[in-house]
Amino acid sequence: MSTIRFDLNEEYLKKLEAAAAEKNLSIQDYVRWKLFDTDTIFTIDEALKRIRRLEPGSEFTLPDIYGDDWTLKRGPAGVFGRNFFKYISTHQEERITYKDNGKYGRIATYVFEGRREHV
């Protein structure tokens, strides 16, 4: 795999970070999406959509919620996992909590607490 590098001043870096955050994408995925018009199912928004279909109290891993659609290899899977963890750590309203790193300490397990009832 090739590595491409380019430099940005602070203004453009902030714009890039904000645009990627708005789409809930990593900078790398955002650049791919913009340059090559590629869509991926491995986004925070797609993961949340799948998680919201679970029963409250369900435990899951990211590969669990994607089932047969899970095609990420180890490196990209780790990046996606870290981005997901960072997101849920700062968005408690999603009611998803980190439980542990599973039996072998390699795949994060989460608990979906369920949607809040509006009263």
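This report concerns the structure included in the present document. Predicted, not measured: the structure shown is a model, and the values here were computed from it.

Focus on the layout of surface pockets
Now for step 1: Considered as a void within the structure, the largest pocket measures approximately 880 Å³ in volume.
Now for step 2: As for the largest pocket, its lining consists of 29 residues, and the residues nearest its centre are Ser-26, Gln-28, Asp-29, Val-31 and Arg-32.
Now for step 3: Sorting the residues of the lining of the largest pocket by element identifies helix H2 (27-36) and helix H5 (74-90) as the ones contributing at least two each.
Now for step 4: Per-class residue counts for the lining of the largest pocket are 15 nonpolar, 9 polar and 5 charged.
Now for step 5: The calculated volume of the second largest pocket comes to roughly 480 Å³.
Now for step 6: Residue lining of the second largest pocket: 16 residues in total, with Ala-77, Gly-78, Arg-106, Ile-107 and Ala-108 positioned closest to the centre.
Now for step 7: Per element, the largest residue contribution to the lining of the second largest pocket is 6 residues, and it comes from H5.

Quick notes on the nonpolar core
Now for step 1: Core analysis: the largest hydrophobic core is formed by 17 residues, its most contacted members being Phe-60, Phe-84 and Ile-96.
Now for step 2: Those elements that place two or more of their residues in this core are helix H3 (44-51), helix H4 (62-66), H5 and strand S3 (109-112).
Now for step 3: When near neighbours in sequence (up to four residues on either side) are disregarded, Ile-96 contacts Leu-48, Ile-51, Phe-60, Phe-84, Ile-88, Tyr-110, Val-111 and Phe-112.

Structural notes on the side chain of Ser-58
Now for step 1: Looking at the element boundaries, Ser-58 is found in strand S1 (residues 58-60).
Now for step 2: In this structure the side chain of Ser-58 is engaged in a polar contact, spanning 2.6 Å, whose partner is the backbone oxygen of Glu-55.
Now for step 3: Ignoring any residue separated from it by four or fewer positions in sequence, one finds Ser-58 in contact with Tyr-110, Val-111 and Phe-112.

A closer look at the packing of aromatic side chains
Now for step 1: Scanning the entire structure with this criterion turns up 11 aromatic pairs.
Now for step 2: When the centroid spacing of 5.7 Å and the interplanar angle of 50° are considered together, the rings of Tyr-66 and Trp-70 count as tilted.
Now for step 3: When its relative accessible area of 2% is taken as the criterion, Tyr-66 is described as buried.
Now for step 4: With relative accessibility at 22%, the residue Trp-70 sits in the partly exposed group.
Now for step 5: An angle of 75° between the planes, with centres 6.1 Å apart, marks the rings of Tyr-66 and Phe-80 as edge-to-face. Of this pair, Tyr-66 sits in helix H4 while Phe-80 sits in helix H5; the two residues are 14 residues apart in sequence, bridging distant segments of the chain. Like Tyr-66, the residue Phe-80 is buried in the burial classification.

Description of the environment of Lys-73
Now for step 1: By the element assignment, Lys-73 lies in the loop between H4 and H5.
Now for step 2: Separated by 29 residues in sequence, Lys-73 and Gly-102 place their C-alpha atoms 18 Å apart.

Each value, and the rule that gives it
Residues numbered from 1 in each chain as written. Predicted model: local features only at pLDDT ≥ 70, side-chain atom pairs only at ≥ 80, totals over all residues. Heavy atoms only, no water. 1 Å grid on protein atoms, 1.4 Å probe; cavity = no way out; pocket = protein on both sides within 12 Å on 5 of 7 lines; lining within 4 Å. Points joined across faces, edges and corners; volume = space filled by probe spheres on them. Helix = DSSP H or I, 4+ residues; strand = E, 2+ residues; numbered from the N terminus. Nonpolar A, V, L, I, M, F, W, Y, C, P; charged D, E, K, R; others polar. Core = buried A, V, L, I, M, F, W, Y, C linked by side-chain atoms within 4.5 Å. Buried < 20%, exposed > 50% of the residue type's maximum accessible area, 1.4 Å probe, protein only. Contact = heavy atoms within 4.5 Å. Polar contact = N/O pair within 3.5 Å; in protein donor to acceptor, adjacent residues only side chain to side chain. Phe/Tyr/Trp six-rings, centres within 6.5 Å; stacked < 30°, edge-to-face > 60°.

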